Amino acid sequence: MMNMNLSKLLPTEVFIAMSIEFYDNTDVLKWGRETTHLDHFAGDPFVPELLSINNKVQAQLDLVPKIFEYFIKKTYPDFQISHPDSEMIAKSLFEIRLRDYLDDKCRPWDVCRMIGPIENFYDFSEWLGNMYHACDWIEPNHKPVNCRHLEDEIKVLLKK
């Protein structure tokens with residue numbers, strides 16, 4: 001999954017991405033409108049409800065996680081986010097985010113906001129390395145220049 005095309009993610013993979021904060025609500029909507037994976041489920045009431053959300057109206061955008069979770073639970077009743085297969089997807093997504101950070105394609109917060117959900121779903125996975133401590137005190141408005149220690153930790157983590 002390391003070289004995956006993000007627009008080709010399956011619904012369960014997008015759910016994992018949303019759950020670990022790799023994707024935000026707007027990203028999930030964009031994926032839903034661009035993917036062909038939902039075509040098969042067009043008759044499911046959750047699909048048109050999801051796709052009809054106006055991403056410029058925050059109250060509607062806030063409904064995305066709940067609607068998408070209902071869809072996943074109904075369509076994939078055996079899916080478990082804490083399953084080892086799901087964890088490997090989460091790890092791949094996290095590694096993509098780390099590489100994006102090193103390539104100046106995202107902010108420190110985009111990396112660090114993923115740590116808590118990953119720890120919660122995957123029981124403090126060893127593959128997170130020392131990222132919890134590297135992300136300590138990083139806020140949404142921090143710039144990379146103020147987070148050199150984060151870059152160092154990411155480089156160490158990606159060498160493993």
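Whatever comes next refers back to the structure up there.
In short, a report on the structure. (Residues numbered from 1 in each chain as written. Predicted model: local features only at pLDDT ≥ 70, side-chain atom pairs only at ≥ 80, totals over all residues. Heavy atoms only, no water.)

### Details of the state of the cysteines
All told, the structure shown has one disulfide when counted by the stated rule. Through a disulfide, cysteine 112 is tied to cysteine 135; the S-S separation comes to 2.1 Å. What sets the handedness of the cysteine 112 and cysteine 135 disulfide is the S-S torsion sign, and at about -75° it is left-handed. Note that cysteine 112 is positioned in helix α7 (residues 108-112) and cysteine 135 in the loop between α9 (131-134) and α10 (148-159), a separation of 23 residues in sequence. Residue class for cysteine 112 comes out buried when judged on its relative accessible area of 8%. (Disulfide = S-S within 2.5 Å. Helix = DSSP H or I, 4+ residues; strand = E, 2+ residues; numbered from the N terminus. Buried < 20%, exposed > 50% of the residue type's maximum accessible area, 1.4 Å probe, protein only.)

### Some remarks on the side chain of serine 125
Tracing the chain through its elements places serine 125 in the loop between α8 (115-122) and α9. Residue class for serine 125 comes out buried when judged on its relative accessible area of 7%. At 2.5 Å, the side chain of serine 125 forms a polar contact with the side chain of glutamate 87. (Polar contact = N/O pair within 3.5 Å; in protein donor to acceptor, adjacent residues only side chain to side chain.)

### Remarks on the environment of isoleucine 72
Note that isoleucine 72 resides in helix α5 (residues 64-75). Spatially, the C-alpha atoms of isoleucine 72 and glutamate 139 are 31 Å apart, while their sequence positions differ by 67 residues. When residues no more than four places from it in sequence are discounted, the contact partners of isoleucine 72 are Pro11, Thr12, Phe15, Pro77 and Phe79. (Contact = heavy atoms within 4.5 Å.)

### Considering the packing of helix α1 (residues 11-19) against α5
It is at 11 Å that the axes of α1 and α5 come closest, and there the two elements cross at 140°. The angle between the axes of α1 and α5 places the two elements in the oblique class. Regarding α1 and α5, the two cross each other, and that crossing is left-handed. Along its contact with α1, which presents Pro11, Thr12, Val14, Phe15 and Met18, the element α5 presents Pro65, Phe68, Glu69, Phe71 and Ile72. (Axes fitted to C-alpha atoms, helices over the stretch in contact; angles between N-to-C directions. Parallel < 35°, antiparallel > 145°, perpendicular 65-115°, else oblique. Left-handed = near helix turned anticlockwise from the far one by under 90°.)

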